[in-house]
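Architecture and fold: a report
Next come the chains, spelled out residue by residue.
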Amino acid sequence: MAIAISSWKSFCSTLQDLKTEAISLNACDVGPTALSVFAMICNALKKIDLDNNPALAGKWRDMRGMADLDLQLPMLPLIEQTELVQLHEAESGWEVLCTLLPAASVLELTVRHCKLGPRQISRLAQAIRSSAKRRQHESECISHIAICGNPVGSGLGDYTGLCDASERSAEAQGNAAWHELCDALQYADVAHMSAAKVGMD
């Protein structure tokens, strides 16, 4: 069941009011619009699980080649049909999340199997580095990152079909994003990083 944007905003507002510290949106078909709304209230969260959301960066198409609805969460009521959350600007939600991440309290972020390519991973690396700089005098910083199953590099095997044509051909871009991420993780002294099946040989 597709969910109205007003329902999603209400849900996120409730999370903020409850001062929730951890949330899993695993396999909830969260897309860029929903992620933009969610990112605005994630400053108090310590653990965010966004695994298995292939529309996260706005590139996913279903088996029929049609854009999927941005968000489908059966546990929330459908309200106004005219306000259904649709895919729009491809990377808007991811950009909002990465922009706000340095000022947030997030310690653990998992984005496995979200079809994030080199551009998105590069943006994540920048956010991790900025977060470390901002929180360098604090005892708690980002300590756990998981990006398994995202098409970062060229050696993708069966994962090649997960990224668009420009990213498939951009081996140099993938390698650069990977090295940028590794440098950021080292700079931020991230204790645990999981990155299986990302196309990096």
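Below you will find a few notes about this structure. (Residues numbered from 1 in each chain as written. Predicted model: local features only at pLDDT ≥ 70, side-chain atom pairs only at ≥ 80, totals over all residues. Heavy atoms only, no water.)

Time to look at the packing of helix H1 (residues 5-17) against helix H2 (residues 32-39). Any two packed helices are characterised by how steeply their axes cross, that is the angle between the axes, and by the distance between the axes. One can describe the packing of H1 onto H2 by two numbers: an axis separation of 9 Å at closest approach and a directional angle of 30°. By the angle between their axes, H1 is roughly parallel relative to H2. For the pair H1 and H2, the crossing hand works out as right-handed. Here H1 contributes Ile5, Trp8, Lys9 and Cys12 to the contact with H2, which in turn contributes Thr33, Ala34, Val37 and Phe38. When grouped by side-chain class, the residues that make up the contact of H1 with H2 number six nonpolar, one polar and one charged. (Axes fitted to C-alpha atoms, helices over the stretch in contact; angles between N-to-C directions. Helix = DSSP H or I, 4+ residues; strand = E, 2+ residues; numbered from the N terminus. Parallel < 35°, antiparallel > 145°, perpendicular 65-115°, else oblique. Left-handed = near helix turned anticlockwise from the far one by under 90°. Contact = heavy atoms within 4.5 Å. Nonpolar A, V, L, I, M, F, W, Y, C, P; charged D, E, K, R; others polar.)

Trans peptide bonds make up the majority, and among non-glycine residues the majority have a negative phi. Non-glycine residue Ala27 carries a positive phi angle of around 55°. Looking at where Ala27 falls in the secondary structure, it is placed in the loop between strand E1 (22-24) and H2. With a phi close to 55°, His113 is a non-glycine residue in the positive phi region. Given a relative accessible area of 34%, His113 falls into the partly exposed group. (Buried < 20%, exposed > 50% of the residue type's maximum accessible area, 1.4 Å probe, protein only.)

Its place among the elements puts Asp51 in the loop between strand E2 (47-49) and helix H3 (92-100). Within the structure, the side chain of Asp51 is placed 3.3 Å from the backbone nitrogen of Val111, a separation counted as a polar contact. (Polar contact = N/O pair within 3.5 Å; in protein donor to acceptor, adjacent residues only side chain to side chain.)

Let us look at the sheet that holds E1. Reading across the sheet, the five strands line up as E1-E2-E3-E4-E5 and stay open at both edges, with parallel pairing between neighbours. Two strands close off the open sheet at either side, each with one partner strand: E1 and strand E5 (192-194). Averaged over all pairs of adjacent strands, the angle between their axes in this sheet comes to 5°, without regard to strand direction. Where strand E3 (residues 108-110) and strand E4 (residues 144-146) come together, three bridges link them in parallel fashion. Residue Thr110 lies in a different strand from E4, and its bridge partner there is Ala146. (Pairing = 2+ DSSP bridges.)

Turning next to the environment of Ala176. Take Ala176: it is sitting in helix H6 (residues 171-188). For Ala176, a relative accessible area of 44% corresponds to the partly exposed category. Taking C-alpha positions, Ala176 is 8.0 Å from Pro118, a pair spaced 58 residues apart along the chain.

Glancing now at the packing of H2 against H3. In the contact formed by H2 and H3, the axes pass within 7 Å of each other and the chain directions differ by 20°. Taken together, the axes of H2 and H3 lie roughly parallel to each other. Crossing geometry of H2 relative to H3 is assigned as left-handed. Within the contact between the two elements, H2 uses Pro32, Leu35, Ser36 and Ala39 and H3 uses Ser92, Gly93, Trp94, Val96, Leu97 and Leu100. Along the lines of polarity and charge, the residues of the contact of H2 with H3 split into seven nonpolar, three polar and no charged.

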